[in-house]
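Commentary on secondary and tertiary structure
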Amino acid sequence: RYVAEVCLNVTLFGVSTVYLLLAAQMANAVFATLIPQVTSCQWTLIFAVVLMPATWFGGPKDFWGVSLVAALTTVLMCIVVILEVIKGHHGYPAPKYTTPTLKSFFLGFGAMLFTFGGAATFPTIQNDMSDKTKFPYSVVMAFIVLLFLYTPIAGVCYGFLGSDVDDNVLLEVKGSMVTFTQVLMLLHFLFVFNIVINPIMQSVEDILNIPNQFGWRRCVVRSSLLFIVLLTGLSIPQFGKILDLIGGSTVTILTFLLPPLCYILLLKSRTPDLPTYRSISTLEVVSLVGIMMIGLVGGSVSTWSALSEVFSPGSLNSTCFSHSEFFA
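Reference entry: report on the structure contained in this document. Source: prediction; values computed, not measured.

Below, the discussion takes up the overall build of the chain. Looking only at helices and strands, one finds 12 helices and 0 strands in the chain. In the chain, the succession of α and β elements from N to C terminus is α-α-α-α-α-α-α-α-α-α-α-α. Scored against the burial criterion, the 328 residues of the chain give a buried share of 40%. For the chain, the share of sequence-separated contacts (at least 6 apart) that also reach a separation of at least 24 residues comes to 80%. Accessible area for the chain stands at about 18200 Å²; split by element, carbon and sulfur atoms hold 72% of it.

What follows covers the pattern of salt bridges. Side-chain pairing between opposite charges can occur once the charged atoms of the two side chains come close. Tallied over the entire structure, the rule returns 3 salt bridges. Between Arg 218 and Glu 205 there is a salt bridge, with its nearest N and O atoms 3.9 Å apart. Here Arg 218, found in helix 8 (residues 216-235), pairs with Glu 205, found in helix 7 (residues 176-207); they are 13 residues apart in sequence, far enough to count as distant. The burial state of Arg 218 is the same as that of Glu 205; both residues are buried. If you follow the salt bridges from partner to partner, you end up with Glu 205, Arg 218 and Arg 222 in one network.

The subject of this paragraph is unusual backbone geometry. A positive phi angle is found at Asn 209, which is not glycine, with a value near 55°. Given a relative accessible area of 64%, Asn 209 falls into the exposed group.

Further remarks concern the state of the cysteines. Per the counting criterion, the structure on display carries 0 disulfides. The thiol of Cys 157 is not disulfide-bonded; the next cysteine sulfur, from Cys 78, is found 9.0 Å away. You can call Cys 157 buried: its relative accessible area is 3%.

What follows deals with the packing of helix 1 (residues 2-30) against helix 8. Relative placement of two packed helices is described by the angle separating their axes and the distance separating the axes. Contact geometry of helix 1 with helix 8 gives a least axis separation of 9 Å together with a crossing angle of 65°. Helix-helix and strand crossings are classified by hand; for helix 1 and helix 8 the assignment is right-handed. The residues of helix 8 that touch helix 1, namely those facing Phe 13, Ser 16, Thr 17, Leu 20 and Leu 21, are Ile 228, Val 229, Leu 230, Thr 232 and Gly 233. Classifying every residue of the contact of helix 1 with helix 8 by side-chain character gives 6 nonpolar, 4 polar and no charged.

Under the 1.5 Å per step criterion, the end-to-end length of helix 2 (residues 40-51) is 16 Å for 12 residues, consistent within 8% with the ideal 16 Å. Considered for burial, the residues of helix 2 that qualify are Cys 41, Gln 42, Trp 43, Thr 44, Phe 47, Ala 48 and Leu 51. If you follow the buried residues of helix 2, they end up packed against helix 1, helix 7 and helix 8.

What follows covers the packing of aromatic side chains. In this structure the tally under the stated criterion is 4 aromatic pairs. With 5.5 Å between their ring centres and 25° between their planes, Trp 43 and Phe 47 make a pair best called stacked. Residue Trp 43 and its partner Phe 47 are both found in helix 2; the two are separated by 4 residues, about one turn of the helix. By the burial criterion, Trp 43 is buried, and Phe 47 matches it. Members of the aromatic cluster, each reached through a chain of ring pairs, are Phe 31, Trp 43 and Phe 47.

Secondary-structure assignment places Leu 107 in helix 4 (residues 102-114). Classification of Leu 107 as buried rests on a relative accessible area of 15%. Spatially, the C-alpha atom of Leu 107 lies 5.5 Å from that of Ser 302, the residues being 195 residues apart in sequence. Beyond its immediate sequence surroundings of up to four residues, Leu 107 is in contact with Asp 244, Ser 305, Ala 306 and Glu 309.

We now examine the nonpolar core. Residues Tyr 19, Leu 20, Phe 47, Val 81, Ile 153 and Phe 193 are the most contacted members of the largest nonpolar core, which totals 60 residues. Here Phe 193 is in contact with Ser 16, Tyr 19, Leu 20, Leu 51, Thr 55, Leu 226 and Val 229, once residues within four sequence places are set aside.

Moving on, we get to the side chain of Thr 17. Within the secondary structure layout, Thr 17 lies in helix 1. Its relative accessible area of 0% is what places Thr 17 among the buried residues. Looking at Thr 17, its side chain comes within polar contact range of the main-chain oxygen of Phe 13, at 2.9 Å. Setting aside residues up to four positions removed in sequence, Thr 17 forms contacts with Val 229, Thr 232, Gly 233 and Ile 242.

Basis of the calculations
Residues numbered from 1 in each chain as written. Predicted model: local features only at pLDDT ≥ 70, side-chain atom pairs only at ≥ 80, totals over all residues. Heavy atoms only, no water. Helix = DSSP H or I, 4+ residues; strand = E, 2+ residues; numbered from the N terminus. Buried < 20%, exposed > 50% of the residue type's maximum accessible area, 1.4 Å probe, protein only. Contact = heavy atoms within 4.5 Å. Areas by Shrake-Rupley, 256 points an atom, 1.4 Å probe, with all protein chains shown as cover. Salt bridge = Lys/Arg side-chain N within 4 Å of Asp/Glu carboxyl O. Disulfide = S-S within 2.5 Å. Axes fitted to C-alpha atoms, helices over the stretch in contact; angles between N-to-C directions. Left-handed = near helix turned anticlockwise from the far one by under 90°. Nonpolar A, V, L, I, M, F, W, Y, C, P; charged D, E, K, R; others polar. Expected span 1.5 Å × (residues − 1). Phe/Tyr/Trp six-rings, centres within 6.5 Å; stacked < 30°, edge-to-face > 60°. Core = buried A, V, L, I, M, F, W, Y, C linked by side-chain atoms within 4.5 Å. Polar contact = N/O pair within 3.5 Å; in protein donor to acceptor, adjacent residues only side chain to side chain.

Any link to function would need more than the numbers given here.
Below, the structure written as structure tokens:
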């Protein structure tokens, strides 16, 4: 339980930081011609201050409509990027496909697993549902939609742009529709940020025995957590590095290790209603153990690769605090 709680909170902390950095990057792209003197690092600080009052609200049930708007903007973004890349691919340089290395493969392993990080919010969402029995249907529908969004955009962008495609594919395409989509994605990240960071805040409030109601102690705790997220984002402004690190470590534990392990233990457990052990086939055990081994090996190497990227000599010189214009 404690391992799961720590991994959940660390995952959501990383996702919150990534969303804050992406919002700043989108703002910098959209308003570059209007206010070029404001950098991405400064946008990160601005958005943290703007979002602070919104974090003082209760739980996802208090702003459920935000997730709907965020989902629609994501769908539109994927459609626009795919169409623009296909339409303008003749103007791009010939794509280059570099040979994967062990390090690049496992960095990709962590990045792909990061897409499952949203599962960390499931307990909070299910707890707020009026009809909790419908939760499995919502999960299945969500992952089907994600499959149809992720697969085409990854395939098209890599196919036409090659290995040099930017971490943020919206920066690879131009046009009025792209700018409009960037504005929507900016709103998307700002809207979703509060949903993602909220479970961490609720967890900390439970530990500190803070009442589940609006008050000065809630405001102080949540503002302090947001400040820590801000410091992390300013220290590691390249969101891809945080994404790889979280995906290879805590998300791997939450998706590859803990679910099979908990499933096996639950089947072997005894309860007053079911005093005998429930059966589990040898083939199923072998399959689950195999999944756990893939996660253990892949996650360990991915985490090591991501840490080497975060603490490489060049990275230490690319923080927001090393830029003199950040303090201007």
